[in-house]
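Each chain, letter by letter, is given below.
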Amino acid sequence: MSPRLQGRIAIVTGASQGIGAAIARRFMAEGAHVIGMALAGEALRQMAQTYCAFTPYELDLQDHVALTDCVEQVRQQHGRIDILINNAGFQYTLPFLDTTLEQWQHTHRVNIEAQFVLCKLVAPHMVEQQYGRIVNISSTQSIAAEPAVSAYAATKGGINAFTRALAVDLAEYGILVNALAPGAIATPMAIIDGVDTLKTEAFEEWYVRQRKIPLARPGQPEEIASAALFLASEECSYMTGQVLVIDGGLTITF
Ligand SMILES: NC(=O)c1ccc[n+]([C@@H]2O[C@H](COP(=O)([O-])OP(=O)(O)OC[C@H]3O[C@@H](n4cnc5c(N)ncnc54)[C@H](O)[C@@H]3O)[C@@H](O)[C@H]2O)c1
């Protein structure tokens, strides 16, 4: 089978670790050149040393000037931008009563405002090409609630609605926009205050032994990357504005 992203230019945010790094590796294996943005310089540099098809951009997604410069450089160097994966995100794990307005706004700036800004920067190039694939990374927190993630959950619900609205506005230009909503995935994000939340006795008992997650295990970043590959490729040709849930069945159970 020929590589599914041969010659494609893809921007992946949060590409230094976890789901973003898995998506970047999968895309490169399928022939894409990946522009990886992230906060963490060292991990990004390691990706660039390992893969010649990886260009690192160390930046904070809240810095709109840096985003503008990056997209402009990509455009100048590669002449096109085919794929945008809005993956980067973070959460404050805090009860609502302890969450400040600044934390709410910070979460929104990183998780959803940056998606808006990058779509604004990249979409005109995709319109010119009459081709593009945008994938926004949401979460199962957008459809079912657990304690202490009010700001994060709000951004993820917003991402679902934004994805649908964007899909409608960009459809006529050959740009397909979809979202992925992962459940519990084994990445550094699952480590909260030094505790791997996917390895606690409480997780084992409820999600694994009692099968609240029917597939009885956390997901791996590569399992999100497989779905991202489909949504970023030409094989995804009649699907837009959808939120694809990848959670081992977590949200289908009571
Ligand atoms: N891990 C999970 O269980 C899970 C579940 C559902 C959704 N998600 C979503 O998947 C995405 C990736 O999560 P992950 O688990 O790989 O997280 P992670 O913490 O392992 O990696 C996050 C990445 O985002 C980047 N990032 C964070 N803030 C940034 C900023 N201000 N500017 C630039 N880059 C920034 C980091 O540098 C890093 O590369 C996130 O949007 C997250 O909400 C994760």
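Look above for the structure.
Let us look at the structure shown here. Worth saying up front: this structure is predicted, and the values here are computed from it rather than measured. (Residues numbered from 1 in each chain as written. Predicted model: local features only at pLDDT ≥ 70, side-chain atom pairs only at ≥ 80, totals over all residues. Heavy atoms only, no water.)

A word on the sheet that holds strand β5 (residues 132–137). Pairing within the open sheet is parallel, and its seven strands lie in the order β3-β2-β1-β4-β5-β6-β9. At either end of the open sheet lies a strand with only one pairing partner, and these are β3 (54–58) and β9 (243–246). On average, adjacent strands in this sheet sit at an angle of 15 degrees to one another, irrespective of strand direction. The pairing of β5 with strand β6 (residues 175–182) spans six bridges and is classified as parallel. If you follow Arg133 over to β6, its bridge partner there is Leu176. Most of the contacts of helix α1 (residues 18–29) go to strand β1 (residues 9–13), to which it runs at about 165 degrees, and overall it touches β1, β2 (33–38), β3, β4 (83–86), β5 and β6. (Pairing = 2+ DSSP bridges. Helix = DSSP H or I, 4+ residues; strand = E, 2+ residues; numbered from the N terminus. Axes fitted to C-alpha atoms, helices over the stretch in contact; angles between N-to-C directions. Contact = heavy atoms within 4.5 Å.)

Here we come to the pairing of β6. Successive side chains on a regular strand alternate, one facing one side of the sheet and the next facing the other. Judged by how many residues are buried, β6 sits mostly within the fold: eight of eight residues are covered. Covered by surrounding structure in β6 are Ile175, Val177, Ala179 and Ala181 together with Leu176, Asn178, Leu180 and Pro182, the residues of both alternating faces. In this fold, the crossover linking β5 to β6 by way of helix α5 (residues 150–170) has right-handed handedness. (Buried < 20%, exposed > 50% of the residue type's maximum accessible area, 1.4 Å probe, protein only. Right-handed = clockwise from strand over helix to strand, strands pointing away.)

Looking now at the packing of aromatic side chains. Overall, the coordinates contain three aromatic pairs when judged by the stated rule. Where Phe116 meets Phe162, the ring centres are 6.4 Å apart and the plane angle is 55 degrees; that geometry is what we call tilted. In this pair, Phe116 sits in helix α4 (residues 101–129) while Phe162 sits in helix α5, placing the two residues 46 residues apart along the sequence. Looking at Phe116, the relative accessible area reads 45%, which means it is partly exposed. Take Phe162: its relative accessible area is 17%, and that puts it in the buried class. Note on Phe203 and Tyr207: the rings are 4.8 Å apart at their centroids and 25 degrees apart in plane angle, and the pair reads as stacked. Of this pair, Phe203 and Tyr207 both sit in helix α6 (residues 201–209), separated by four residues, roughly a single helical turn. (Phe/Tyr/Trp six-rings, centres within 6.5 Å; stacked < 30°, edge-to-face > 60°.)

Where α4 meets α5, the closest approach of the two axes is 8 Å, and the angle between their N-to-C directions is 15 degrees. By the angle between their axes, α4 is roughly parallel relative to α5. For the pair α4 and α5, the sense of crossing is right-handed. Contacts between α4 and α5 pair Trp104, Thr107, His108, Asn111, Ile112, Gln115, Phe116, Cys119 and Ala123 from the former with Ser150, Ala151, Tyr152, Ala154, Thr155, Lys156, Gly158, Ile159, Phe162, Leu166 and Leu170 from the latter. In the contact of α4 with α5, the residues fall into 12 nonpolar, seven polar and one charged. (Parallel < 35°, antiparallel > 145°, perpendicular 65-115°, else oblique. Left-handed = near helix turned anticlockwise from the far one by under 90°. Nonpolar A, V, L, I, M, F, W, Y, C, P; charged D, E, K, R; others polar.)

On to a negative patch on the surface. Among the surface-exposed residues, Asp60, Asp63, Asp69 and Glu72 lie close enough to one another that they form a single negatively charged patch. Within the secondary structure layout, Asp60 lies in the loop between β3 and α3 (64–78). Residue Asp60 is classed as partly exposed on the basis of its relative accessible area of 31%. (Patch = residues over 30% accessible without salt bridge, like charges linked within 9 Å, V, L, I, M, F, W, Y side chains within 5 Å. Areas by Shrake-Rupley, 256 points an atom, 1.4 Å probe, with all protein chains shown as cover. Salt bridge = Lys/Arg side-chain N within 4 Å of Asp/Glu carboxyl O. Lys, Arg positive; Asp, Glu negative; His and termini not counted. Charge placed at Lys NZ, Arg CZ, Asp CG, Glu CD.)

Ser16, Ile19, Asn87, Tyr152 and Thr187 are the nearest of the 28 residues found near the ligand. Note that an oxygen atom of the ligand is positioned 3.3 Å from one of the backbone N or O atoms of Gly14. In this structure, a nitrogen atom belonging to the ligand sits 2.9 Å away from a main-chain N or O atom of Leu61. Compared with its free state, where it exposes 830 Å², the ligand has 92% of that area covered by protein. (Near = heavy atom within 4 Å. Polar contact = N/O pair within 3.5 Å; in protein donor to acceptor, adjacent residues only side chain to side chain.)

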